[in-house]
Structures are given as structure tokens and as C-alpha cells.
Amino acid sequence: MNATVATSVFGVFMVVTVALGLLATRGRRKGKGDGGLAEWSVGGRSLGTVFIWVLMAGEGYTSFSYLGAAGWGYNYGAPVLYVVAYMSCGYAVGYVVGPMLWAYARRHGLVGITDMVAHRFGRPWLGALVAVLATVFLLPYIQLQITGMGVVVSTISYGAVGLNQAYFIAFAVTTGFVVVSGLRGSAWVSVLKDVLVIATLGFLAVYVPMHYFDGYGPFLDRLVAEKSEWLTFPGHGDSGLGQAWFITTSFLNSLTVVIFPTTVAGYLGAKNADVLRRNAMLLPAYNVLLFVPMLLGMAALFVVPGLVGAESNLALFKLVVDSLPAWTVGLVGVAAALSSIVPMAVFMLVIGTMWGRSVLSLVPRWERRQKGAAQVVVVVAGSLALLLTYTAPNTLVRLSLISYEGMAQLLPMVLLGLVWRRLTLLGAMSGLVVGVGVVCGFVFTENDPVWGVNAGIVALGANLAVALAVTYAGPRERDDRPDDEVLARDEIGPVVRDAEPGDGDGGSGGGGVRASTGTETGAGG
């Protein structure tokens, strides 16, 4: 009976999720400018503060928040707080970087970071190269979200739904709306997800301490008395996650998150730069929710002791299934499942956009059908992640170890390149190759952390040093375009475009028709 009730609740909400995602495009104009790639991939650049807030919060609040955060709290304790630290610092960096990237993309009709590097260095093939590299680093996240949702569904259904069935449900639900409605559909589903996440975690934050410990006071007293090791660095066990690791990881991730392709998709969906500034101020409030699964993970130490390995990721759900009625278990499971679906949708969307715009557009027959190509790639990427989840789960899980640190190696090419004209293509490429090589070497030889610090920060240091050395030692590149065409600026006021390449199914992947501000056209702001 419990399995039937919980599974029914879950099933109803999955149907609602698909319907909500599909309804997101209802009433949208179907002209060239609104029915094309820009409408699908960045919501027609028309999303306001609320939609951008829930969308970007949805990207940051994934299945890791329910599984990994609780699992880290259970296994290590204090080191898990790096998630709160880097996300909050990243929002502060995004206050400056987000409007800058938005204005650059808006002016030149671009829809992602692959577009930006191709336009900055004037090389369409560079966008294709970055798209391939970013896909390698993003694909593991899709697989991890599929896996996370599978674990959640199997657990909250009391084993009635098997892992393999749950994996397919995750893929089918996400693909069902993202192919049709794109970023706008993800934003609409994020609203439902956030309502459920806030409600369920708010309830659990009160219920678990009261039910198991008679309040926070007795719980924290017991935690200090019996598990004090979990409250200091490097946490419980020989984790190597000490203060130096915490600082370097928080610093590296706070920079990386602002150029992460999914974050940039959120930036470019905004209707103006002020939406992003307001969003950067509001998003840290969402981080308060992250403390709940972390604390509940440590509460599980006393309620369900002895969890080891991957089982520790179920610490929060074992508390839920152990004591709550089935319908409540179903609601918590839906919130966790949507925390997998929303980021998975954006990951798939971004991979599709990068390939449709920067890779397949280099093939003449696909150049005028970028949106269609991107939608095909979404299905292919999701299917590949699903297939590997079934056949070789450890392959992508191992790649996920370098995903964030690997993506960090794009920082010099993207951020430095957009603010410093002197950086050459050879310098940026040389640094990228060195950075990715160093981080792969450290991670795959199991030397991360290295010397007590995050291996990614060491790789980024080598990347930046090589990029600067090659740039200064080599010849200056000839580029006759003016600075306003090449560099990014955080512009105050509206940015008026003359054309939006790729808004329809046409356009080229690397360039874009130069647009102008109101001052340049004489229109006045």
C-alpha cells in the first residue's frame, strides 16, 4: 500500500511536469525571430527576474543537494560547506560577469560560450572545439542526474520501481518537454520544483530534529558531544579536505560557475542586464536551503548508523521513508526528482545548442537548420547518457571527477579573452591544453587534492602562466575589428540589436551581425 500511494503521487507529478513544460511555449509567436534557436535555447532573451531566479536556482539545486550533500554531511561533515561558500561567492562574481556576457551576446546575436569564443577570436572552428570539450565535461552531469533520480524513485517507491525503470523515466520526462519548449519550459518546471523543494525541506528542517531528538538543542548537543570531528576541518576520516582545500575549491568553483555553459544559458535568457543584477542579489537566499540536507545527513549518523559507500547518499531518504506517511514520502521524492530533471534539461539543452550552433552549422546542409540540429543533439546526448548509465555506469562517473575542474580551464579563454585584447589564440589554446592535461593527470592518478589544495587550481595556474607566456613571446595577432566588436563591456542601458543570427533556423555559428547601441544609431538609449 505504501509503495502504491508514493508511486501514484510521483506519477501524477511527472505528468504535470511534462504538461507544464509543454505549455510553456503556448501563445509564443512563431515568427522567425521568436520560433527559432534563440527562442528555444535562451527563452527569446525575455525572461524576467522571477523566472531567471528559479531557473538558475534550479541549476544549482540538483539531486546532489538531496543525495550528495546529505551523503557528504554523513561521511565528512564540515567540508560539505564548500557548496554554500562557492555558490554564494559565485553569485557575487556573477553580478559583474553576468551583465557583461549578456550584453556581448545580445549585441552580436550569440547564444552560448562557444559562440562567444568563436566571435572573440574570429575562428568558427574554435567554437566547435570548445563545444566538443564542454560536452565531455557536461555529459557526466546528465548521467549523474539520471542516476540520482533513479535512486530517489526506487527508494521512495519502497523498491516497487526498479532502478532501470527509474532511469528511463528520468530521460523520458526531461526529453519530453525540453525538445519542444527549450529553456522556457525548464523555467516553468523550475517554478513547480522550487515550490516543492522549499516546502519539503522547510518541513524536514523542523520535523526530523523534533521527531528524533526533541529539537535542535538536543540534536546539536549530541552532535558536539559524540561527533565533534564532523564539525571541524578536515572533517571525519582521512579525507584530505582541509582548510587549504576548502579555500581553493571555493575560489575555483566561484569563478568557474559564472562561465559554466548552463549558467551562461541562464544569463542569456534574461530580458535585460538589471534582471541579472537583481538575481545575483537574490540567489544567495536560496543557499539557506542547502544547510537542511547537510544537517539531516549528520542527523542520520544517529538514526541510521553504519551506512557505507554509495549507501550514505541515501541518508536523508532513509530518515524520510523510516518515519513519514507514504504520500509525504512521495512529495519529497517528487521534489528530489525535479531537482534532477531541471538541471538535466538545461544540460541537454546547452549541449544541443552548442552543437547545433557551433559544430553542425559548419556543415553546409545544417547551417540553415540550427534549431532542428540542436533538438536532434538533445535526444542523442540524453540517449547516450542513458545508454552508458545502463551499460558502463563507472565510465562517466569517473569522468565526472574532472568535470568542474576541467571546465575551469576555459576561464582564461572566455573571461580573460573577453576583457583583454592582447590575449592571442595561440596563447589561449596553449594554456587550455596544458590546463586540461594537468588536471587529468592529477585526477586520474588519484592526486586530487594535491599538496592539500584543489588540483583544478594548480592546473588553472599552469594554464594562465602558459597563456600569458605564449601571448607575450609570440607575435601580435592582426585583427582589424574595433575593440567594441571584440571585447565585452558591462553596458548600462538597453542594447539594441540590428539582427539576431540564429534566431531563426539560419545563421552561422561563429560570427554574428554587429548590432549597435542606441547612441550609435542616434536613437538615443
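Numbering of residues starts from 1 in each chain and follows the order in which that chain's sequence is written. Local features in a predicted model are, by the rule used here, given only for residues with pLDDT of at least 70; side-chain atom pairs are given and counted only at 80 or more, and totals for whole chains, interfaces and linings are based on all residues. Excluded from the side-chain calculations are hydrogens and water; all other atoms, namely the structure's heavy atoms, are used.

A. Inspection of the overall build of the protein at higher detail. Along the backbone of the protein there are 25 helices and zero strands. Categorising residues by exposure relies on relative accessible area from a 1.4 Å probe, with only protein chains included: less than 20% of the type maximum marks a residue as buried, more than 50% marks it as exposed, and the intermediate range marks it as partly exposed. Relative to its full complement of 525 residues, the protein shows a buried share of 58%. Residues count as neighbours in contact if any of their non-hydrogen atoms are within 4.5 Å of one another. Partitioning the contacts of the protein with sequence separation of at least 6, the portion at a separation of at least 24 is 83%. Split by element, the accessible area of the protein, about 19300 Å² in all, is 66% carbon and sulfur. Helical segments are the DSSP runs of H or I of at least four residues, strand segments are the runs of E of at least two, and each set is numbered from the N terminus. Residue-level accessible areas treat just the shown protein chains as cover; the underlying method is Shrake-Rupley with a 1.4 Å probe.

B. A look at the packing of helix α7 (residues 82-108) against helix α21 (residues 411-419). Viewed as axis vectors pointing N to C, α7 and α21 meet at an angle of 75 degrees, and their least axial separation amounts to 12 Å. Relative to α21, the element α7 lies roughly perpendicular. For the pair α7 and α21, the contacting residues are Val97, Met100, Leu101 and Tyr104 in the first and Leu415, Leu418 and Val419 in the second. Residues are grouped as follows: Ala, Val, Leu, Ile, Met, Phe, Trp, Tyr, Cys and Pro are nonpolar; Asp, Glu, Lys and Arg are charged; every other residue, Gly included, is polar. Its residues assigned to classes, the contact of α7 with α21 comprises seven nonpolar, no polar and no charged. The convention used is that axes are lines fitted to C-alpha atoms, helices contributing only their stretch in contact, and that angles between N-to-C directions extend from 0 to 180 degrees. Roughly parallel here means an angle under 35 degrees, roughly antiparallel means over 145, roughly perpendicular means 65 to 115, and every remaining angle is called oblique.

C. Summary view of the side chain of threonine 471. In this fold, threonine 471 is placed in helix α23 (residues 455-473). The exposure class assigned to threonine 471 is buried, which follows from its relative accessible area of 0%. Contacts described as polar in this section are N or O atom pairs within 3.5 Å, which, within protein, must combine one atom able to donate a hydrogen with one able to accept it, while residues neighboring in sequence count only if both atoms come from side chains. Here the side chain of threonine 471 touches alanine 467 through a polar contact of 2.7 Å, landing on its backbone oxygen. Contacts of threonine 471, omitting those with residues within four sequence positions, involve Trp420, Arg422, Leu423, Thr424 and Gly427.

D. Inspection of the pattern of salt bridges at higher detail. We count a salt bridge whenever a side-chain nitrogen from Lys or Arg sits within 4 Å of a carboxyl oxygen from Asp or Glu. Counted according to the given criterion, the structure contains eight salt bridges. Via salt bridges that share partners, Arg421, Asp479, Arg481 and Asp483 belong to a single interconnected network.

E. Layout of the confidence of the model for the protein. Each residue carries a pLDDT value, the predictor's own confidence for that position, ranging from 0 to 100. Here the protein averages 84 in pLDDT, and 87% of its residues register 70 or above. Helix α25 (residues 518-521) is the least confidently modelled element of the protein, averaging 31 in pLDDT, while α23 averages 97, the highest of any element. Under a pLDDT of 50 for its full length, residues 29-35 has, in the predicted model, 12 contacts with residues more than four places off or in other chains.

F. Spotlight on the packing of helix α15 (residues 291-303) against helix α16 (residues 315-323). Direction vectors running N to C along α15 and α16 enclose 65 degrees, while the axes themselves pass 8 Å from each other. Classified by the interaxial angle, the pair formed by α15 and α16 is roughly perpendicular. Note on packing geometry: the crossing formed by α15 with α16 is left-handed. Two secondary-structure elements touch here, α15 through Pro293, Leu296, Gly297, Ala300 and Val303 and α16 through Ala315, Leu316 and Leu319. Crossing handedness follows the turn of the near helix against the far one: under a right angle anticlockwise gives a left-handed crossing, and clockwise gives a right-handed one.

G. Representation of a nonpolar patch on the surface within the structure. A cluster of nonpolar side chains, Leu81, Val288 and Phe291, forms an exposed patch at the surface whose accessible area comes to about 250 Å². Of note, valine 288 is situated in the loop between α14 (273-282) and α15. Within this analysis, patches are made of residues with over 30% relative accessible area and no salt bridge. Like charges are joined at 9 Å or less; nonpolar side chains (Val, Leu, Ile, Met, Phe, Trp, Tyr) at 5 Å or less.

H. Molecular detail of the packing of aromatic side chains. For this analysis, a ring pair means two rings from Phe, Tyr or Trp (six-membered ring only for Trp) whose centres lie within 6.5 Å, classed as stacked if their planes differ by under 30 degrees, edge-to-face if by over 60, and tilted for the remaining angles. Counted by the stated rule, this structure contains 18 aromatic pairs. Between tyrosine 82 and tryptophan 245, the aromatic rings sit 5.3 Å apart at their centres with planes inclined by 70 degrees, giving edge-to-face as the arrangement. Of the two residues, tyrosine 82 sits in helix α7 while tryptophan 245 sits in helix α12 (residues 243-256), which places them 163 residues apart along the sequence. Owing to a relative accessible area of 13%, tyrosine 82 belongs among the buried residues under this scheme. Using a relative accessible area of 6% as the deciding quantity, one classes tryptophan 245 as buried. When the ring of tyrosine 141 is compared with that of phenylalanine 260, the centres are 5.8 Å apart and the planes differ by 85 degrees; the resulting orientation is edge-to-face. Residue tyrosine 141 is located in helix α9 (residues 124-156), and its partner phenylalanine 260 is located in the loop between α12 and α13 (261-268); the two are separated by 119 residues in the primary sequence. Exposure class is identical for tyrosine 141 and phenylalanine 260. Each is buried. Of the aromatic side chains, those joined through ring pairs into one cluster are Trp72, Tyr76, Tyr82, Tyr86, Tyr141, Trp245, Phe260, Phe347 and Tyr404. Whether a charge lies above a ring is judged from NZ of Lys or CZ of Arg, which has to be within 6 Å of the ring centre and within 35 degrees of the ring normal. Lying across the ring of phenylalanine 121, arginine 120 places its NZ or CZ 4.4 Å from the centre.

I. Examining unusual backbone geometry more closely. Cis geometry is found at the peptide bond from phenylalanine 233 to proline 234, where omega equals 5 degrees. Mapped onto the elements, proline 234 comes out in the loop between α11 (216-226) and α12. Following aspartate 448, the chain continues to proline 449 via a peptide bond in cis, the omega torsion being 5 degrees. With respect to the secondary-structure elements, proline 449 resides in the loop between α22 (425-444) and α23. Even without glycine at this site, aspartate 214 takes up a positive phi of about 65 degrees. Structurally, aspartate 214 is set in the loop between α10 (163-213) and α11. Here aspartate 214 falls in the exposed class, since its relative accessible area comes to 65%. Positive phi is not limited to glycine here, since glutamate 446 has a value of about 60 degrees. With respect to the helices, strands and loops of the structure, glutamate 446 is situated in the loop between α22 and α23.

J. Structural context of the side chain of serine 250. Mapping serine 250 onto the fold places it in helix α12. Here the side chain of serine 250 touches phenylalanine 246 through a polar contact of 2.8 Å, landing on its backbone oxygen.

K. Looking closely at the environment of tyrosine 286. Locating tyrosine 286 in the fold gives a position in the loop between α14 and α15. Measuring from C-alpha to C-alpha, the distance between tyrosine 286 and tryptophan 53 comes to 9.4 Å, with 233 residues separating the pair along the chain. Sequence-distant contacts of tyrosine 286, defined by excluding residues within four places in its chain, comprise Trp53, Ala57, Tyr61, Lys193, Asp194 and Val197.

L. Highlighting α15. For α15, which comprises 13 residues, the first-to-last C-alpha distance of 18 Å matches the rise-based estimate of 18 Å (1.5 Å per residue) to within 8%. Every buried residue belonging to α15 is among Val292, Pro293, Met294, Leu296, Gly297, Met298, Ala299, Ala300, Leu301 and Phe302, and all of these are buried. Here, expected helix span is obtained from the residue count minus one, scaled by 1.5 Å.

M. Structural context of the environment of alanine 455. You can see alanine 455 is positioned in helix α23. Spatially, the C-alpha atoms of alanine 455 and leucine 252 are 10.0 Å apart, while their sequence positions differ by 203 residues.

N. Layout of the environment of leucine 282. Tracing the backbone through its elements, the reader meets leucine 282 in helix α14. Residues in contact with leucine 282, not counting those within four places in the same chain, are Thr49 and Trp53.

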